[in-house]
Amino acid sequence: ENRPTAEVLAKVRQMLSDSSSNVRAAAARALFDNADSAAAMSARLKIETDDDVRIQLIRSLAPLHSKAAVQTMIDLMDSASAAMRVRVEAAQGIGAGAGDLFAADPAFGQAIETALRRNLQSANAPDQTRLREASAAALANIRDPALLDIFNRLQDPNEPVAIRVLALQGKGNLRSFDVNQ
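Rules of the game
- Residues numbered from 1 in each chain as written.
- Predicted model: local features only at pLDDT ≥ 70, side-chain atom pairs only at ≥ 80, totals over all residues.
- Heavy atoms only, no water.
- Helix = DSSP H or I, 4+ residues; strand = E, 2+ residues; numbered from the N terminus.
- Rg over C-alpha atoms; globule rule 2.2 N^0.38 Å.
- Buried < 20%, exposed > 50% of the residue type's maximum accessible area, 1.4 Å probe, protein only.
- Expected span 1.5 Å × (residues − 1).
- Contact = heavy atoms within 4.5 Å.
- Arc of directions from axis to C-beta.
- Salt bridge = Lys/Arg side-chain N within 4 Å of Asp/Glu carboxyl O.
- Axes fitted to C-alpha atoms, helices over the stretch in contact; angles between N-to-C directions.
- Left-handed = near helix turned anticlockwise from the far one by under 90°.
- Nonpolar A, V, L, I, M, F, W, Y, C, P; charged D, E, K, R; others polar.
- Lys, Arg positive; Asp, Glu negative; His and termini not counted.
- Polar contact = N/O pair within 3.5 Å; in protein donor to acceptor, adjacent residues only side chain to side chain.

When you go through the protein chain residue by residue, the secondary structure sums to 10 helices and 0 strands. Listing every helix and strand of the protein chain by position from the N terminus yields α-α-α-α-α-α-α-α-α-α. A compact globule built from 181 residues should have a C-alpha radius of gyration of about 16 Å, and the protein chain, at 17 Å, falls within 12% of that. Burial statistics for the protein chain: of 181 residues in total, 46% are counted as buried.

See below:
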């Protein structure tokens, strides 16, 4: 297998603190899906101010389903001061591992679900459509039968088509889905 050495990974992790945002973003891309670097990337995500670097960090961390990284993504998703595209990316990152985290740690899964519900309910402005969609998609990945009421409400004809489709996907993902519901 052609994997980077520990020495190479250490050098790339150091680049997460470079003064250039382009270098930090490139370092984040280079560390994509690298579990050994999750702690360094999560720490950087907490303090990073450049939106492009934040997005790259989220994309690199999402496949790892790291609890610390997901908590930071929840904080970013909830942050009114974060750029909308960062908030959307955070919701998508959470959604990537929501089902696995919910199954592995139900208490933390409930915290994820609560944050996603909150965003789904509060993201009603026209510029928040993508955040609403990302939150609905992440909820669909959780596969919690308790979400059936939310999915039923999201099938309202006044909801955008993308939201209604995600609600159907969420219902289809439920293990105990009854076609009559």
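Turning our eyes to something else, we now look at helix α5 (residues 67–78). Across its 12 residues, α5 extends 16 Å between first and last C-alpha, which sits within 8% of the 16 Å expected from 1.5 Å per residue. Those residues of α5 that are buried lie in contact with α3 (38–47), α4 (51–61), α6 (84–104), α7 (106–122) and α8 (129–142).

What follows concerns unusual backbone geometry. One non-glycine residue with positive phi stands out, namely H65, at about 55°. Here H65 is to be found in the loop between α4 and α5. Backbone geometry at R143 places phi at a positive 65°, although glycine is not the residue there.

Listed in full, the buried residues belonging to α3 are A38, M41, S42, R44 and L45. Down the axis of α3, the smallest arc covering the buried residues is 165°, so these residues share one side. Facing away from the buried side of α3, by more than 90 degrees, are the exposed residues A39, K46 and I47.

On to the pattern of salt bridges. In the structure shown here, the tally under the stated rule is 10 salt bridges. Among the ionic pairs, R117 bridges to E113, the shortest N-O distance being 2.9 Å. Placement of both R117 and E113 in helix α7 is noted, with a separation of 4 residues, approximately one turn of the helix. The exposure class assigned to R117 is partly exposed, which follows from its relative accessible area of 26%. The salt bridge involving E159 is made with R132; its shortest N-O contact spans 2.5 Å. Residue E159 is found in the loop between α9 (148–153) and α10 (161–173), and its partner R132 is found in helix α8; the two are separated by 27 residues along the sequence. Judged on exposure class, the residue E159 and its partner R132 are both buried. Sharing partners across several salt bridges, the network here consists of R24, R44 and E48.

Look at α7 against α8: their axes get within 8 Å of each other, and the N-to-C directions meet at 150°. In this structure, the crossing between α7 and α8 has a hand that is left-handed. Contacts between α7 and α8 involve I112, E113, L116, R117, N119, L120 and Q121 from the first element and L131, R132, S135, A136, A138, L139 and I142 from the second. Here the residues of the contact of α7 with α8 sort into 8 nonpolar, 3 polar and 3 charged.

With respect to the secondary-structure elements, R87 resides in helix α6. Comment: no salt bridge for buried R87; closest opposite-charge side chain is D78, at 5.9 Å. Separated by 3.3 Å, the side chain of R87 and the backbone oxygen of S79 make a polar contact. Sequence-distant contacts of R87, defined by excluding residues within four places in its chain, comprise L76, M77, D78, S79, A80, A82, N119, Q128 and L131.

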